[in-house]
Each structure stands twice: as C-alpha cells, then as structure tokens.
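Summary of structural features
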Amino acid sequence: MYERTLGFGQRYFYIFFDKSESQKLLLVAIAGSIFEDSSNNGISHLFEHVVFRNIKNKYENFYELLAMHGLCFQGSTYKKFVSFTIDGPQHEFDFAIEI
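Residues numbered from 1 in each chain as written. Predicted model: local features only at pLDDT ≥ 70, side-chain atom pairs only at ≥ 80, totals over all residues. Heavy atoms only, no water.

1. Re the pattern of salt bridges
- The tally for this structure, following the rule as stated, stands at two salt bridges.
- Among the salt bridges present, the one from Asp94 reaches Arg4, with a minimum N-O distance of 2.9 Å. In this pair, Asp94 is assigned in helix H3 (residues 93-98) and Arg4 in strand E1 (residues 2-5), connecting sequence segments 90 residues apart.
- The salt bridge involving Lys24 is made with Asp87; its shortest N-O contact spans 2.9 Å. (Salt bridge = Lys/Arg side-chain N within 4 Å of Asp/Glu carboxyl O. Helix = DSSP H or I, 4+ residues; strand = E, 2+ residues; numbered from the N terminus.)

2. Examining the packing of aromatic side chains
- Inspection of every chain in the model, using the stated rule, returns nine aromatic pairs.
- Between Phe52 and Phe84, the aromatic rings sit 6.3 Å apart at their centres with planes inclined by 50 degrees, giving tilted as the arrangement. Residue Phe52 is found in helix H1 (residues 43-58), and its partner Phe84 is found in strand E5 (residues 82-89); the two are separated by 32 residues along the sequence. Pair check on accessibility: Phe52 and Phe84 agree, each one buried.
- Within the aromatic cluster, the residues linked to one another by ring pairs are Phe47, Phe52, Tyr59, Phe62, Tyr63, Phe73, Phe84 and Phe95. (Phe/Tyr/Trp six-rings, centres within 6.5 Å; stacked < 30°, edge-to-face > 60°. Buried < 20%, exposed > 50% of the residue type's maximum accessible area, 1.4 Å probe, protein only.)

3. Quick word on the side chain of Glu48
- Mapped onto the fold, Glu48 is located in helix H1.
- Among buried charged residues, Glu48 stands out as having no salt bridge; its nearest opposite-charge side chain is Lys56, 11 Å away.
- Not counting residues within four places of it along the chain, the set of residues in contact with Glu48 comprises Gly75, Ser76, Thr77, Val82 and Phe84. (Lys, Arg positive; Asp, Glu negative; His and termini not counted. Contact = heavy atoms within 4.5 Å.)

4. Some details on the sheet that holds E5
- Within the open sheet, the three strands sit side by side as E3-E5-E4. Their pairing is antiparallel. The open sheet terminates on both sides in strands that have one partner only, identified here as strand E3 (22-29) and strand E4 (72-77). Each strand of the sheet is rotated relative to its neighbour by a mean of 15 degrees, with strand direction disregarded.
- Pairing geometry for E3 and E5, over eight bridges, is antiparallel. Directly across from Leu27, in E5, lies its bridge partner Phe84.
- In this fold H1 packs onto E3, E4 and E5, with an angle of close to 160 degrees to the strand it touches most, E4. (Pairing = 2+ DSSP bridges. Axes fitted to C-alpha atoms, helices over the stretch in contact; angles between N-to-C directions.)

5. Quick word on the environment of Ser33
- With respect to the helices, strands and loops of the structure, Ser33 is situated in the loop between E3 and H1.
- For Ser33, the residues in contact, after removing those within four places along its chain, are Ser44, Tyr78 and Lys79.

6. Topic: the pairing of E1
- In terms of strand pairing, E1 meets strand E2 (residues 11-14) through four bridges, oriented antiparallel. Each residue of the ladder has a partner; that of Tyr2, found in E2, is Tyr14.
- The loop that links E1 with its antiparallel partner E2 comprises five residues; one of these, Gly9, has a positive phi angle of about 100 degrees.

As far as function goes, none of this settles anything; it's purely spatial.
Written out as structure tokens, the structure is:
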C-alpha cells in the first residue's frame, strides 16, 4: 500500500496490482438516508448532485475530457453512504486523482 498527499493536504492510500491495466478510485462520504429526518430528507442525494455540478464547472467539456482519457465517473447515494468512483486505464491514474 502506498500513501500520497494532494496539493491541498488531503492524504490518500492506494494499491497497484502489477498485472492490471485498469484502475478504480473510490471516494466514500458518510451520508445517506439513515442520517436524515423529515427536515433534511434527500440532502445526501443533493450532495451527490452538487459534487457533480462543481466538477463539471471546474472542467470545460467535462464528459468529453473523461472520454479522451478513457475514464468513467459515477456517483451513487445509498442508505449509509454516498460514493464516487472513477474507472479507467492504469496509466491515467494521476489524472483521475486530480479530478
């Protein structure tokens, strides 16, 4: 297992499998309907959409840029967490981390 630090100080951990040609990054936020009540119902799903909107605002032609790098970005809201994944070729790992 390796550890790196992003420019703004966030640490992350990763494992490389030598024979693999692909990578999957997973970010999990502790959020979901189990933590909501009638006053904030749906806030976790809204958070998922806000993350997508902010990323699309950061990168012009976001989906075309992902396609150029062979990456797929997905978000999902569950009962106990919100997850974001980026899948793609191993050689695009550093670009995927930047997103």
